[in-house]
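# Descriptive analysis of the structure
Letter by letter, the chains look like this.
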Amino acid sequence: MTGALQGQQATIIGGGIGGLTAALALARRGARVTVLERAGARREVGAGIQVSPNAGRVLEALGLAAPFQAASQASHGVELRDQRGALVLHLDFARWRPQASFRTIHRARLVELLDTAARDHGVEIRLNTHVDSLPEAALLIGADGLHSRVRRALNGTETPFFTGQTAWRAIIQDDDQQPLTRVFMGSGRHLVSYPLGFGQRNLVAVLERDNWTEERWSQTDDPANLRRAFAGFGGPVQGWLDRVTETGLWGLFRHQVAARWQDGRMAILGDAAHPTLPFLAQGACMAIEDAWTLAACLDADPDQPRALSRYQQLRQPRCTRIVAAATANARNYHLSGPKRVAAHAALRLANRLAPRTAFERFAWVYDHDPTA
Ligand SMILES: Cc1cc2nc3c(=O)[nH]c(=O)nc-3n(C[C@H](O)[C@H](O)[C@H](O)COP(=O)(O)OP(=O)(O)OC[C@H]3O[C@@H](n4cnc5c(N)ncnc54)[C@H](O)[C@@H]3O)c2cc1C
């Protein structure tokens, strides 16, 4: 710490995972932080997130190791299976990275622990505060998610496009807390599930279709539609789907990574800067990494425009690469016909002959340490 942030005022629009992590990171370095959040109460519709070690290292550096551990559940790996339930590939985190911490958590529990820690460090969080016009603050951080106003102020209006994919998500009660993420891949659809601890299991089910769904997370759907779309799936899937009582549905859109992340006074982070498809489970992880790096850059250099420029330089290439890798995964999960047969056969062979190779392809995501 150089003390450059000591007593500095910072205003953050958005009190989601990115905004709260940034608030905490800045406050720990001496800044006086205000968070403006439009929601009145914390209500997170059923959703879990996977927190890989790259983001876990930031939570640890922010002093959150113990509460995070208590609120989350270990994850020992990812199994890719075909729609009947037969194993295609096992990414064995526990074997290839025994020291690293892969965990899963309910979003509401992560938001709550960040919120508590931020308030404990003197952050003022104003709920029920919808920002319509941008405040004049000397340091204004846009952590305002997918439809960010700050991004628009920096980059103008951009139009994302519908990917032809929609996703349901649901949380069910489940005694099976085996610490594994399981992905079941069928033609034009796949389903991801992992335990969240506390007897909960997260389900995300993605289906390709032409009709459009709005890009927001609060739309609900009849669970019967989800059950119908995945009726042909085997293994534990039918048992899980039978227990779904409430489900959200949303459309997946492709966005460009923002060209301009800052202008010397304002900066964006998280989904405001680089919304991603969820197929690498890195949206929240990138927001957490951004938050750390933003605070570290501002702390290291009292020249704010130069510090913000350095922040963009450090973050933009990595986020661009992650967003591209998530997009590629979407294609690979949904293959059909002969392409699927060939791809699954190749992965099964790799799983037998060189199981570590498949894991190491993504090592650049998980081995990264933003705090180093
Ligand atoms: C199904 C699904 C599964 C996912 N799984 C994972 C996963 O496993 N791992 C992972 O890392 N990521 C995952 N993600 C992505 C992750 O949830 C997001 O990338 C992450 O929440 C982004 O955080 P954020 O703080 O940038 O934005 P958000 O969480 O969207 O927060 C933005 C906040 O800003 C507030 N806000 C917006 N506009 C205004 C305004 N004008 N005034 C005041 N407040 C405002 C909003 O109310 C909100 O609280 C998943 C996403 C989805 C949809």
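Residues numbered from 1 in each chain as written. Predicted model: local features only at pLDDT ≥ 70, side-chain atom pairs only at ≥ 80, totals over all residues. Heavy atoms only, no water.

Per an unreviewed UniProt entry, the recorded name for the protein is Salicylate hydroxylase, and the organism is Paracoccus solventivorans. Per UniProt, the comment on the protein under Cofactor (unreviewed entry) is "FAD". (UniProt positions renumbered as here; feature names shortened; annotations may be inferred.)

## What about the overall build of the protein?
For the protein, the count of helices and strands is 13 helices and 16 strands. Compactness check: the protein gives a C-alpha radius of gyration of 20 Å against a globular reference of 21 Å for 372 residues, within 12% of the reference. Counting every position in the protein, which comprises 372 residues, the buried fraction comes to 55%. Restricting to contacts in the protein with at least 6 residues of sequence separation, those with at least 24 account for 78%. For the protein, the accessible surface area stands at approximately 15700 Å², while carbon and sulfur atoms represent 50% of it. Of the charged side chains in the protein, 43 are positive and 35 negative; the average position of the first set lies 5 Å away from that of the second. (Helix = DSSP H or I, 4+ residues; strand = E, 2+ residues; numbered from the N terminus. Rg over C-alpha atoms; globule rule 2.2 N^0.38 Å. Buried < 20%, exposed > 50% of the residue type's maximum accessible area, 1.4 Å probe, protein only. Contact = heavy atoms within 4.5 Å. Areas by Shrake-Rupley, 256 points an atom, 1.4 Å probe, with all protein chains shown as cover. Lys, Arg positive; Asp, Glu negative; His and termini not counted. Charge placed at Lys NZ, Arg CZ, Asp CG, Glu CD.)

## Remarks on helix α10 (residues 304-333)
Over its 30 residues, α10 runs 43 Å from end to end, which matches the ideal 44 Å to within 8%, given 1.5 Å per residue. Of all the bends in α10, the greatest reaches close to 30 degrees and is centred on R315; the proline P317 follows between one and four positions later. (Expected span 1.5 Å × (residues − 1). Bend = angle between axes of the 7 residues up to and from the residue.)

## Here's the deal with the layout of surface pockets
Looking at the second largest pocket, its volume works out to about 310 Å³. As for the second largest pocket, its lining consists of 15 residues, and the residues nearest its centre are L146, E158, T159, P160 and H255. Class assignment for the residues of the lining of the second largest pocket results in three nonpolar, seven polar and five charged. (1 Å grid on protein atoms, 1.4 Å probe; cavity = no way out; pocket = protein on both sides within 12 Å on 5 of 7 lines; lining within 4 Å. Points joined across faces, edges and corners; volume = space filled by probe spheres on them. Nonpolar A, V, L, I, M, F, W, Y, C, P; charged D, E, K, R; others polar.)

## A few points about the side chain of R201
Looking at where R201 falls in the secondary structure, it is placed in strand β13 (residues 200-208). Exposure remark for R201: the relative accessible area of 0% places this residue in the buried category. A polar contact of 2.8 Å, which involves the side chain of R201, links it to the backbone oxygen of D176. A polar side-chain atom of R201 sits 2.8 Å from a polar atom in the side chain of S193. In this view, R201 contacts A170, I171, I172, D174, D176, R182, S193, Y194, P195, L196 and W240; residues no more than four positions away in its chain are not counted. (Polar contact = N/O pair within 3.5 Å; in protein donor to acceptor, adjacent residues only side chain to side chain.)

## Notes on the nonpolar core
For soluble globular proteins, the rule of thumb is that nonpolar side chains tend to be buried together. One finds I12, L26, V33 and L110 to be the most contacted residues of the largest nonpolar core, which totals 97 residues. Setting aside residues up to four positions removed in sequence, L110 forms contacts with I17, I49, L59, F68 and I105. Counting 17 residues, the second largest nonpolar core, distinct from the first, contains W168, I172, F184 and L241. (Core = buried A, V, L, I, M, F, W, Y, C linked by side-chain atoms within 4.5 Å.)

## Some thoughts on the packing of aromatic side chains
Counted under the stated rule, the structure contains eleven aromatic pairs. For the pair F162 and F253, a centre-to-centre distance of 5.6 Å together with 55 degrees between the ring planes defines the contact as tilted. With F162 in strand β10 (residues 161-173) and F253 in strand β15 (residues 247-254), this pair connects stretches of sequence that are 91 residues apart. Just as F162 is buried, F253 falls in that class too. Relative to Y311, the ring of W261 lies with its centre 5.7 Å away and its plane at 65 degrees, an arrangement referred to as edge-to-face. Residue W261 is found in the loop between β15 and β16 (266-268), and its partner Y311 is found in helix α10; the two are separated by 50 residues along the sequence. Among the aromatic residues, those joined into a ring-pair cluster are F93, F102, F359 and Y366. Positioned over the ring face of W250 is R169, at 5.2 Å from the centre of the ring. The positively charged end of R321 is found above the aromatic ring belonging to W364, 3.8 Å away from the centroid. (Phe/Tyr/Trp six-rings, centres within 6.5 Å; stacked < 30°, edge-to-face > 60°. Lys NZ or Arg CZ within 6 Å of the ring centre and 35° of its normal.)

## Some words on the sheet that holds strand β9 (residues 140-142)
Spatially, five strands are ordered β8-β2-β1-β9-β16 in an open sheet, and the strand pairing comes out parallel. Sheet topology places β8 (124-126) and β16 at the edges, where each strand pairs with a single neighbour. Along the sheet, successive strands turn relative to each other by an average axial angle of 20 degrees, direction set aside. Of the pairings in the sheet, the one linking β9 to β16 comprises three bridges and is parallel in character. (Pairing = 2+ DSSP bridges. Axes fitted to C-alpha atoms, helices over the stretch in contact; angles between N-to-C directions.)

## Section: the sheet that holds strand β4 (residues 73-74)
The antiparallel open sheet is built from three strands, whose spatial order is β3-β7-β4. Each edge of the open sheet is held by one strand with a lone partner, namely β3 (48-51) and β4. In this fold helix α5 (residues 107-120) packs onto β3 and β7 (103-106), with an angle of close to 85 degrees to the strand it touches most, β7.

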